[in-house]
Amino acid sequence: SGDLASYLQTLPGVVSVGDRGGQLYIRGGAPTQNRTLVDGLPIVRPFHISSFYSAFPQDIVQGVDLHAGGFGAQYGEATSSILDVQLRPGNMKRYGGAASVGPHLASVRVEGPIERGSESFLVSGRYSLLEQTGDPLFGEEAPIGFYDVTGRYSFQRDQTSCNVTAIRTHDEGSLGPNQDRELSWSNTVIGGRCLILATQYDHAFSIRGGYSGFENSVGTVDSPEQRASRWRAYLMLNYDQRLFGYPVDFGARVTAGQYRAEIDEQFVGLEQFSQTQAMVRLHWSMDWIPNDRLTVTPSAAARVTYNVRPSLDPRLRLSFRPDGTDQQEVSLAAGLYHQIDGGLTDQRDAGTAFTLWRPPPADDPLPRALHGIVGYRQRLGSLLEVSLEGYAQRLQNIPVAEWTPETGTNTETALANGIVYGADARVELQRGPFYSYLGYGWSTVTYEAASEDLGAWVNESVFSYTPPHDRRHQLNVVSSYEILGVTASASWQFGTGRPYTQVYGFDLSLTPPDDRPTETPGTAHTLYQRPYGARLPTYHRLDVSLERSFDVSDRLVLDAKLGAINLYDRPNVFYYDVDTLQRVDQSPVLPYVSVRLRME
C-alpha cells in the first residue's frame, strides 16, 4: 500500500530511528519540533507504530509540501519543519472506491457525489494485520497494531469552496522485548475550511476552524502507569489581496487548549499536571517580484500567549532564476522561529516513545531556532534534475529531560542550546519507462547544557553531546523500470550509526536511616557510561517489488504487488534496551503479496 511515510524516509535529511515507533527526525529537529498539518489542521503524531505507514494513504492525498526549514510566517509553532498535507475531494461525478489486503494491512475507500458537480464525500479506513500475520508468515511475532479512519465532505460552487475533514488514528503495541509493557497513542482531528474568491475585488478570503486532540500512554497492558494528553481548538482567518500589484497575505489565528499528564509515584518529578493555554497569532507575507528573475518573500509573525512572553518572528526568502526560467534557480532563506510548547521523551533508548507535552514554565523563555539555508537547483532538459542545499540552525531553550539513574520517565527539564548544520544533495532521472532517484544527506547535531541542570555525571561545567538522532551520513537510491505492463522497483537505504548511552550495570540505592538494608530492597538504579558516548552500527536495507495492473472491466482494475522488505535479511539494530541490556533488532526480511481492487 503506497503511503506518505515510505516516501518521506527516502528524502535526505529525514531520519527514522527504526521500523517501529512512528517518529521522524528532520534536519536535526526532534519529532516534537516538527509540525504536521492536514488541510491546515495540526495532527500531533500521524505516523503509525509501524513506521512504514502514516495516516495518509496515497490514494486520498492531493499534494504534500515538506518544508525542512526556512518556511514562511504563515506556518507557526515549529522550530524544525512543516509537513503540509492536502487531501483531495471525493469524486463529484460518479461513485468509486477501492479495497486491498496484504500481510501488513487491509484497507477500504469509498467516494462519490452527494450532488453531482458540487458536493461529494470520501471515506477511507485501514487496519493493521501485523499482529495476526507476523508469526505464521515471517517467523517472528509483531505485537503492534493500528488503524486510521478519514472522512471528508467537499462543496464547490461558483466562487466558493468548502470542506469538512475528520481523522481518527489509534496505535498500540510493544517496541521492545518486554511485551508486558504497552505503548499506545491516538489522534482525533476534525475541522473545516471555506475559501471565497472575490475576483471583482481581486482578493480571496478563507476561514478555518477545528479541533485536534492527542493522547498517549505506556505501562503494563490494560493498566498504564503514564498518561499524557493535549488538545487544541482553532479559529483561523486569512485574507489575500494584491497591493501595488503584488500578492499579500494577512492572517490571524486564535487558539485555546489544555495539557494533562498523570505519572505514578515510582517516577521522578510531578505526579499530575494540568495547564490551559490560549494564544493569538498574527502574520503577513508578500511576494515582491521586481523582474522575471527575482522573487523576494518577506514575512513576519507575532504572537501573544497567556503566561508567556510575546514573540516576533521575522523571515525572508529569495529566489533567483539566472535565465528567467524554472530550469535553474538559486535560493536563500533565513528566519527566526519560536515554539509555544515542547515534548519530553526519555531518549536513553528508542524503546520509549511516550511523550509528555507541556508549555514552558512562566519564567522560562520560549524554545527558538534561527534558520539559514542556501540552495541551488538545475534542470537539464526533461530528463535530469540536480539540487544541492546547505543549511544551519541555531537552537536555543530546547527543553530536554533531566538525566537520572532511576528507572522511569523524568518530567523535570533542563534547557539546552544546539547547533545543526549539514547539506542535502538530490539527483533525479526520468527517461521513458526508467526512473531513478539518488539522495544523500550529511549533517551534525550538537546540544549543550549546564551539567548541573542536566544532571550529567561528568566533571564538566557545560556538557556537550550529540543527541540520538545525529545521523552523520544517509544515502537513498530508488529506481523503477516498467516493461510489458510490469513495474519493477528497488529502494536501498544506508545510514551511519546513531549515538546511544552505554550501560555499566545496575545497583540498588539505599538512603539511611529511612531505608534499612535488612528490610528494604532499595531503589533500582542504572549505571551509565558517558552520555551518548557510543554509536550504533551502520544501517542498510534493500526493498524490492513487482507490480502490475489488470483491467477486470471498463471501470474495475485489479492491482497485484509482490515484494520484500529487507530482502537480504540484514540484522539492523533498533536499540539496546537499558533495562535488560538486550539488543533489539529491526524487522527481518518481510516478503509480501498484496492485491487491490479499485473502481475508477
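Residues numbered from 1 in each chain as written. Predicted model: local features only at pLDDT ≥ 70, side-chain atom pairs only at ≥ 80, totals over all residues. Heavy atoms only, no water.

Engineer: Would you mind showing me how to read the overall build of the protein here?
Structural biologist: Helix and strand counts for the protein stand at 3 helices and 37 strands. Since a compact globule built from 600 residues should have a radius of gyration of about 25 Å, the 25 Å found for the protein is in line with a globular shape. In terms of principal-axis extent, the alpha carbons of the protein reach across some 85 × 60 × 45 Å. Here the protein holds 600 residues, and 50% of them are scored as buried. In the protein, the share of contacts with a sequence separation of at least 24, taken over all contacts with a separation of at least 6, comes to 62%. Of the accessible surface of the protein, which amounts to about 26,900 Å², a share of 56% is contributed by carbon and sulfur atoms. Treating the 51 positive side-chain charges of the protein as one cloud and the 68 negative ones as another, the clouds have centres 8 Å apart. (Helix = DSSP H or I, 4+ residues; strand = E, 2+ residues; numbered from the N terminus. Rg over C-alpha atoms; globule rule 2.2 N^0.38 Å. Buried < 20%, exposed > 50% of the residue type's maximum accessible area, 1.4 Å probe, protein only. Contact = heavy atoms within 4.5 Å. Areas by Shrake-Rupley, 256 points an atom, 1.4 Å probe, with all protein chains shown as cover. Lys, Arg positive; Asp, Glu negative; His and termini not counted. Charge placed at Lys NZ, Arg CZ, Asp CG, Glu CD.)

Engineer: Looking at this structure, how should I read the state of the cysteines?
Structural biologist: A disulfide bridge is the covalent bond that connects two cysteines by way of their sulfur atoms. According to the stated counting rule, one finds 1 disulfide in the structure shown. Shown here is the disulfide that connects C162 with C194, its sulfur atoms set 2.0 Å apart. Residues C162 and C194 share a disulfide whose torsion about the S-S bond is about 115°; that sign makes it right-handed. Of this pair, C162 sits in strand β11 (residues 160–173) while C194 sits in strand β12 (residues 181–198), and the two are 32 residues apart along the sequence. (Disulfide = S-S within 2.5 Å.)

Engineer: Got a minute to help me understand the packing of aromatic side chains in this structure?
Structural biologist: One pair of aromatic rings is described through two measures. These are the centre distance and the angle between the planes. Within this structure, the stated rule accounts for 12 aromatic pairs. Judged by centre distance (5.9 Å) and plane angle (80°), the ring pair of Y447 and Y465 falls under edge-to-face. Of this pair, Y447 sits in strand β25 (residues 434–450) while Y465 sits in strand β26 (residues 462–465), and the two are 18 residues apart along the sequence. Both residues of the pair, Y447 and Y465, count as buried. An aromatic cluster is built from Y447, F463, Y465 and Y532, whose rings are joined through pairwise contacts. The residue whose ring lies beneath R358 is F273, and the NZ or CZ to ring-centre distance is 5.1 Å. (Phe/Tyr/Trp six-rings, centres within 6.5 Å; stacked < 30°, edge-to-face > 60°. Lys NZ or Arg CZ within 6 Å of the ring centre and 35° of its normal.)

Engineer: When you look at unusual backbone geometry in this model, what are you seeing that I'm missing?
Structural biologist: Excluding glycine, residues mostly have negative phi values, and the peptide bonds linking residues are mostly trans. Unusually for a residue other than glycine, D39 sits at a positive phi of about 50°. Residue E77 is not a glycine yet carries a positive backbone phi of 60°. Note on E77: relative accessible area 6%, which makes it buried.

Engineer: Honestly, the side chain of S443 in this entry has me stumped. Any pointers?
Structural biologist: Structurally, S443 is set in strand β25. A distance of 3.3 Å separates a polar atom in the side chain of S443 from the backbone oxygen of R471. (Polar contact = N/O pair within 3.5 Å; in protein donor to acceptor, adjacent residues only side chain to side chain.)

Engineer: Would you mind showing me how to read the pattern of salt bridges here?
Structural biologist: Pairing between side chains becomes possible if they bear opposite charge and their charged atoms approach one another. Under the counting rule described, the total for this entry stands at 30 salt bridges. R20 is the salt-bridge partner of D19, the closest N and O atoms lying 3.2 Å from each other. Both residues of the pair, D19 and R20, count as buried. R472 is the partner of D470 in a salt bridge, and the nearest nitrogen-oxygen pair spans 2.8 Å. Through salt bridges with shared partners, a single network forms among D59, R88, R109, E111, D559, R596, R598 and E600. (Salt bridge = Lys/Arg side-chain N within 4 Å of Asp/Glu carboxyl O.)

Engineer: Which parts of the structure should I look at to understand a negative patch on the surface?
Structural biologist: On the surface, a cluster of negative charge is made up of E131, D135, E140, E141 and E172. Along the chain, D135 turns up in helix α2 (residues 130–138). (Patch = residues over 30% accessible without salt bridge, like charges linked within 9 Å, V, L, I, M, F, W, Y side chains within 5 Å.)

Engineer: Please explain the pairing of strand β13 (residues 203–220) as it appears in this structure.
Structural biologist: Both faces of the sheet carry side chains from a regular strand, because those side chains alternate between them. Relative to β13, β12 is paired through 18 bridges, and the arrangement is antiparallel. Within β13, the residue paired with G191 across the bridge is G210. (Pairing = 2+ DSSP bridges.)

Engineer: Mind showing me how you'd approach the nonpolar core here?
Structural biologist: What tends to happen in soluble globular proteins is that the nonpolar side chains get buried as a cluster. Of all hydrophobic cores here, the largest spans 33 residues; its most connected members are I49, L175, L183, F354 and F574. Of all the elements in the fold, those that place two or more residues in this core are β10 (144–157), β12, β13, β15 (246–263), β21 (356–358), β35 (573–576) and β37 (590–599). The leading source of residues in this core is β15, at 3 residues. Counting 25 residues, the second-largest nonpolar core is a separate cluster that includes A5, F47, V85 and M236. (Core = buried A, V, L, I, M, F, W, Y, C linked by side-chain atoms within 4.5 Å.)

Engineer: I tried to follow the sheet that holds strand β3 (residues 34–38) on my own but got confused; where do I start?
Structural biologist: Backbone hydrogen bonds hold the strands of a sheet together, and the pairing may be parallel or antiparallel. Pairing is mixed across the open sheet formed by 4 strands, whose spatial order is β4-β3-β6-β5. Of all strands in the sheet, those with a lone pairing partner are β4 (41–43) and β5 (61–67), marking the two edges. Across the sheet, the mean angle separating the axes of adjacent strands is 25° when strand polarity is ignored. Sheet topology places β3 next to β4; 3 bridges connect them, and they run antiparallel. Bridging from a neighbouring strand, L37 pairs with P42 of β4. (Axes fitted to C-alpha atoms, helices over the stretch in contact; angles between N-to-C directions.)

Engineer: What is the right way to look at the environment of Y532 in this model?
Structural biologist: Assignment of secondary structure puts Y532 in the loop between β31 (523–528) and β32 (534–535). Exposure remark for Y532: the relative accessible area of 8% places this residue in the buried category. As a C-alpha pair, Y532 and T466 span 66 residues in sequence and 6.6 Å in three-dimensional space.

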